[in-house]
Amino acid sequence: MGVVKEQYNIIIVGGGIVGLTLALLLAQSDKRIALIEKRAKIESFNRAQYDVRVSAVTPASVKLFEQLSVWKDMVALRVSPFTHMHVWDGDGRGKIEFDAASAGVNQLGYIVENNVMLQALWQRVASTAQIEVLSDIELEYLERHENNPNIELHGGDRILTAPLVIGADGAQSWLRQAAHIAMTERDYQHHALVCTVKTEKAHDKTARQRFMTEGPLAFLPLDAAHYSSIVWSSAPTHIDALMQLSDEGFALALTDAFQSQLGAVIEVGPRARFPLIMRHAQHYVQAGLALVGDAAHTVHPLAGQGLNLGLADAALLAELVLEEYAHKNEYVKYSTLRRYERARKTENATMLAAMDGFKHLFGNDIPVIKWLRHRGLNLTDRSSFIKSLILQKAMGV
Ligand SMILES: Cc1cc2nc3c(=O)[nH]c(=O)nc-3n(C[C@H](O)[C@H](O)[C@H](O)COP(=O)(O)OP(=O)(O)OC[C@H]3O[C@@H](n4cnc5c(N)ncnc54)[C@H](O)[C@@H]3O)c2cc1C
């Protein structure tokens, strides 16, 4: 059998939350879009059980989902608004608190299970005629031809070709590697342990995080008043030990590390772990090619920003590409892709640097740094101006 060549206007590699959102945004044009996702089956939402993977979703990301009319579908499945944030230093001498009312908003953000977002987005993609989902192709290599704006993606006996190819294929991005885009990479020397827990006291829609020298521990409030999703980042050997504890032992360790802020942890679900690595692609674009989301950058989850940054990439890239199509340009100019790169790379680099700063500031036991940290947190807590600046950034405003 001969090779089959399939022509599209846009190919998106990767149907995670960022790739799906981008596909739906671009489907606002009349272009033919191929969405390649290697997982044949996507985990679907199960009301009886919380997904162990959740994300703090900013109001800016919610706005994007609203624009695509998928937010109401996510709300119908399950989302958990939070109205307060409490952050404190290891020994409790430095703290900072935020609340929605004083920021003049109804909530600071939402905790949303990843499978809620995936299910709502997949459903919408399935009913969008211009998007063709391909899950039966294993990509092997990328090829360009002189004087031809199309990029070819080869897999088995198929060639998919388009003048715009976008990598939304996560941290290990195949497209990034196939296009030989180099990465800046640094191990945070932290792994993150995630788990759903039940606590003695209600969380009062408050997201809480304690910064310890070994790493931060966050309790993110779920829709039921006594349930939270926790993210505990620490040295890999410490996470090894926590993973090996019995449920009872782990519940005790959590209660203790969280200083019983929500009383005792009385129930723990299955635990999962993720190595944390800072990655930043040295280029986000080439002629006819762009990277978005984790394919372009990964960041420490301590401020819950990774997905939100990826969604902001998707929003800007789609806006610029749709502008080109509105001007009847069939091919997205390299200069347009560069505009996307300049804007998003700067923004993402700032967030990556801030997360590095936080990790070092809080991971330090030197007395003078500890003193500065306590003072800094408490002074910031008393300054409504600085607090509102921090909040605006955290909310993606
Ligand atoms: C512990 C932890 C907590 C986090 N908490 C938050 C938070 O609170 N808020 C937040 O904003 N972010 C958070 N993040 C970050 C967030 O999870 C990621 O940034 C986000 O999920 C990335 O989405 P993505 O769509 O870019 O990539 P992915 O979710 O990795 O999706 C990539 C998709 O591409 C597919 N794929 C890969 N290779 C190929 C290929 N060759 N062919 C076809 N398909 C392919 C994969 O199957 C996958 O479906 C957290 C991360 C961790 C580890």
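Residues numbered from 1 in each chain as written. Predicted model: local features only at pLDDT ≥ 70, side-chain atom pairs only at ≥ 80, totals over all residues. Heavy atoms only, no water.

> Give a detailed account of the overall build of the protein chain, specifying residues and quantitative values.
Across its full length, the protein chain holds 12 helices and 22 strands. For 397 residues, the compact-globule estimate of 2.2 N^0.38 gives 21 Å, and the C-alpha radius of gyration of the protein chain, at 22 Å, lies within 12% of that figure. Each principal axis of the C-alpha atoms in the protein chain carries an extent, and together these give about 65 × 40 × 40 Å. In the protein chain, buried positions account for 53% of the 397 residues. (Helix = DSSP H or I, 4+ residues; strand = E, 2+ residues; numbered from the N terminus. Rg over C-alpha atoms; globule rule 2.2 N^0.38 Å. Buried < 20%, exposed > 50% of the residue type's maximum accessible area, 1.4 Å probe, protein only.)

> Please give an account of the layout of surface pockets that cites residues and values.
The space that makes up the second largest pocket amounts to roughly 410 Å³. Forming the boundary of the second largest pocket are 20 residues, of which Ala60, Asn308, Ala312, Arg344 and Gly396 lie nearest the centre. For the lining of the second largest pocket, the secondary-structure elements that each account for two or more residues are helix H2 (59-67), helix H9 (306-326), helix H10 (334-362) and helix H12 (384-394). At 6 residues, the largest contribution of residues to the lining of the second largest pocket is made by H9. (1 Å grid on protein atoms, 1.4 Å probe; cavity = no way out; pocket = protein on both sides within 12 Å on 5 of 7 lines; lining within 4 Å. Points joined across faces, edges and corners; volume = space filled by probe spheres on them.)

> Go over the packing of helix H1 (residues 17-26) against H2 with me, naming the residues and quoting the values.
For the pair H1 and H2, the least separation of the axes is 10 Å and the interaxial angle reads 45°. Between H1 and H2, the angle falls in the class oblique. Along this stretch, H1 crosses H2, giving a crossing that reads as left-handed. Touching Ile17, Thr21 and Leu25 of H1 are Leu64, Phe65 and Gln67, all from H2. Looking at the contact of H1 with H2, its residues break down into 4 nonpolar, 2 polar and no charged. (Axes fitted to C-alpha atoms, helices over the stretch in contact; angles between N-to-C directions. Parallel < 35°, antiparallel > 145°, perpendicular 65-115°, else oblique. Left-handed = near helix turned anticlockwise from the far one by under 90°. Contact = heavy atoms within 4.5 Å. Nonpolar A, V, L, I, M, F, W, Y, C, P; charged D, E, K, R; others polar.)

> Would you mind going over the site of the ligand in detail, with residue names and values included?
Taken together, 29 residues are adjacent to the ligand, and Glu37, Arg39, Ala56, Asp294 and Leu307 come closest. Within the backbone of Ala56, one N or O atom sits 2.7 Å away from an oxygen atom of the ligand. Separating an oxygen atom of the ligand from a backbone N or O atom of Leu307 is a distance of 2.8 Å. Relative to its unbound accessible area of 1,000 Å², the ligand is 86% covered by the protein chains. Breaking the shell around the ligand down by element, the ones donating at least two residues are H1, strand S4 (54-57), strand S14 (183-199) and H9. Looking at the shell around the ligand residue by residue, the class counts come to 13 nonpolar, 10 polar and 6 charged. Among the domains, domain 1 (4-54 + 116-185 + 278-358) and domain 2 (83-109 + 187-276 + 365-394) are the pair contributing at least three residues each to the shell around the ligand. (Near = heavy atom within 4 Å. Polar contact = N/O pair within 3.5 Å; in protein donor to acceptor, adjacent residues only side chain to side chain. Areas by Shrake-Rupley, 256 points an atom, 1.4 Å probe, with all protein chains shown as cover. Domains from an automatic or database assignment.)

> Help me get a handle on the pattern of salt bridges, residues and values and all.
What the rule picks out here adds up to 16 salt bridges. In this structure, Glu6 and Arg158 form a salt bridge, with 3.0 Å as the shortest nitrogen-oxygen distance. Taken as a pair, Glu6 in strand S1 (residues 4-7) and Arg158 in strand S12 (residues 158-162) lie far apart in primary sequence, 152 residues in all. Accessibility expressed as a relative area gives 16% for Glu6, which makes it buried. (Salt bridge = Lys/Arg side-chain N within 4 Å of Asp/Glu carboxyl O.)

> Lay out the environment of Val105 with the relevant residues and their values.
Tracing the chain through its elements places Val105 in the loop between helix H4 (100-103) and strand S8 (109-113). If we ignore the near neighbours within four places in the chain, the residues touching Val105 are Ala100 and Met395.

> I'd love a proper account of unusual backbone geometry, names of residues and values included.
Of note in this structure, Asp204 is not a glycine but carries a positive phi near 50°. Residue position: Asp204 is located in the loop between S14 and strand S15 (206-212). Overall, the relative accessible area of 56% leaves Asp204 in the exposed class. Phi is positive for Gln259, which is not a glycine, with a value near 55°. Mapped onto the elements, Gln259 comes out in the loop between helix H8 (247-257) and strand S18 (265-268).

> Hey, could you go over the packing of aromatic side chains for me, with residue numbers and the actual values?
Considering all chains together, one arrives at 6 aromatic pairs under this definition. Between Trp88 and Phe258, the aromatic rings sit 5.4 Å apart at their centres with planes inclined by 55°, giving tilted as the arrangement. One end of the pair, Trp88, is in strand S6 (residues 84-89); the other, Phe258, is in the loop between H8 and S18, and 170 residues separate them in sequence. Residues Trp88 and Phe258 agree in their burial class; the two are buried. Between Phe219 and Phe258, the ring centres sit 3.8 Å apart and the planes meet at 15°, which makes this aromatic pair stacked. Taken together, the residues Phe219 in strand S16 (residues 215-221) and Phe258 in the loop between H8 and S18 connect sequence positions 39 residues apart. The residues Phe219 and Phe258 share a single accessibility class, namely buried. Over the ring of Tyr325 we find Lys31; its NZ or CZ atom is 4.7 Å from the centre of that ring. The ring of Phe274 carries Arg53 above its face, with NZ or CZ at 4.4 Å from the centroid. (Phe/Tyr/Trp six-rings, centres within 6.5 Å; stacked < 30°, edge-to-face > 60°. Lys NZ or Arg CZ within 6 Å of the ring centre and 35° of its normal.)

> Tell me what's going on with the sheet that holds S4, and back it up with residues and numbers.
Spatially, the 3 strands line up as an open sheet ordered S4-S8-S5, and their pairing is antiparallel. Edge positions in the sheet fall to S4 and strand S5 (80-82), since each has one partner strand and no second. This sheet shows a mean twist of 25° between the axes of neighbouring strands, independent of strand direction. Direction of pairing for S5 relative to S8: antiparallel, over a ladder of 3 bridges. Note that in S8 the partner of Phe82 across the bridge is Gly109. Sitting on the sheet, helix H5 (residues 114-126) touches S4 and S8, and the angle it makes with S8 is about 80°. (Pairing = 2+ DSSP bridges.)

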